[in-house]
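Topology and contacts: notes
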Amino acid sequence: MAAAIEAADGVIIATPEYDHSIPACLKSCIEWLSYAAHPLTDKAVMVIGTSLGQQGTSFAQTQLREILNSPGVNARVLSGHQFMLGFAKKQFDEEQNLMDARTVSFLEQCFDAFKAFVNAVPVTE
């Protein structure tokens, strides 16, 4: 995983929200990655998420951003353009496509902003 992250121009982390937090396995993964390899250092990262509840991962995304900005991780996290989809069970059709055109448009805007962010983040060796 570290090699794939190092080879990538940017990383998109999609997280659910469990009890106002990120899943323990995601936190553990980031901890392992930050222990020796440090592939997220200066890497452009975008955080998105969805949840079954109304707030659409707002707490989880805040926590994840703090972790990604912490010493040893030092990712460059895209600010703004936060995609937090609430009530996930009601948002998708039978083929798992987002049904609301405005939501799809906003998600596309977020991805466009991330592409620009990736191109603006200087590559470090």
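Let us look at the structure shown here. Since the model is a prediction, treat every value here as computed from it, not as a measurement.

The next thing to look at is the overall build of the protein. The secondary structure content of the protein amounts to four helices and four strands. For the protein, the N- to C-terminal ordering of α and β elements is α-β-α-β-α-β-β-α. Relative to the compact-globule value of 14 Å for 125 residues, the protein shows a C-alpha radius of gyration of 15 Å, a close match. By its C-alpha atoms, the protein is 45 × 30 × 25 Å across when sized along the principal axes. Split into buried and exposed, the 125 residues of the protein put 38% on the buried side. The contacts in the protein between residues at least 6 apart in sequence include a share of 74% that link residues at least 24 apart.

On to helix H2 (residues 24-35). Here H2 contains twelve residues, and its C-alpha end-to-end distance of 16 Å stays within 8% of the 16 Å for a straight helix at 1.5 Å per residue. Of the positions making up H2, those classed as buried are Leu26, Ile30, Leu33 and Ser34. For H2, the angular spread of buried residues about the axis comes to 95°, placing them on one side. For H2, the exposed residues set more than 90 degrees away from the buried face come down to Ala24, Cys25, Trp32 and Tyr35. Against helix H1 (2-7), strand E1 (10-15) and helix H3 (58-68) lie the buried residues of H2.

A few words on unusual backbone geometry. One can expect most non-glycine residues to show negative phi and most peptide bonds to be in trans. Residues other than glycine seldom take positive phi values, yet Asn74 does so here, at roughly 55°. Looking at the secondary structure, you find Asn74 in the loop between H3 and strand E3 (76-77).

Between H2 and H3, the least distance of the axes is 11 Å, while the angle of their chain directions is 10°. Taken together, the axes of H2 and H3 are roughly parallel relative to one another. Residue-level inspection shows Leu26, Lys27 and Ile30 of H2 in contact with H3, the latter providing Leu64, Ile67 and Leu68. Looking at the contact of H2 with H3 residue by residue, the class counts come to five nonpolar, no polar and one charged.

What follows deals with the pairing of strand E2 (residues 44-50). The buried count for E2 comes to six of seven residues, which makes it a mostly enclosed element. Examined bridge by bridge, E1 and E2 share six bridges and lie parallel to one another. In the strand pairing of E2, Val11 is matched with Val45. Examined bridge by bridge, E2 and E3 share two bridges and lie parallel to one another. Following the sheet pairing, Val45 is matched in E3 by Val77. Pairing between E2 and strand E4 (residues 83-85): three bridges, direction parallel. Its bridge partner being in E4, Thr50 is matched across the sheet by Leu85.

About the criteria used
- Residues numbered from 1 in each chain as written.
- Predicted model: local features only at pLDDT ≥ 70, side-chain atom pairs only at ≥ 80, totals over all residues.
- Heavy atoms only, no water.
- Helix = DSSP H or I, 4+ residues; strand = E, 2+ residues; numbered from the N terminus.
- Rg over C-alpha atoms; globule rule 2.2 N^0.38 Å.
- Buried < 20%, exposed > 50% of the residue type's maximum accessible area, 1.4 Å probe, protein only.
- Contact = heavy atoms within 4.5 Å.
- Expected span 1.5 Å × (residues − 1).
- Arc of directions from axis to C-beta.
- Axes fitted to C-alpha atoms, helices over the stretch in contact; angles between N-to-C directions.
- Parallel < 35°, antiparallel > 145°, perpendicular 65-115°, else oblique.
- Nonpolar A, V, L, I, M, F, W, Y, C, P; charged D, E, K, R; others polar.
- Pairing = 2+ DSSP bridges.

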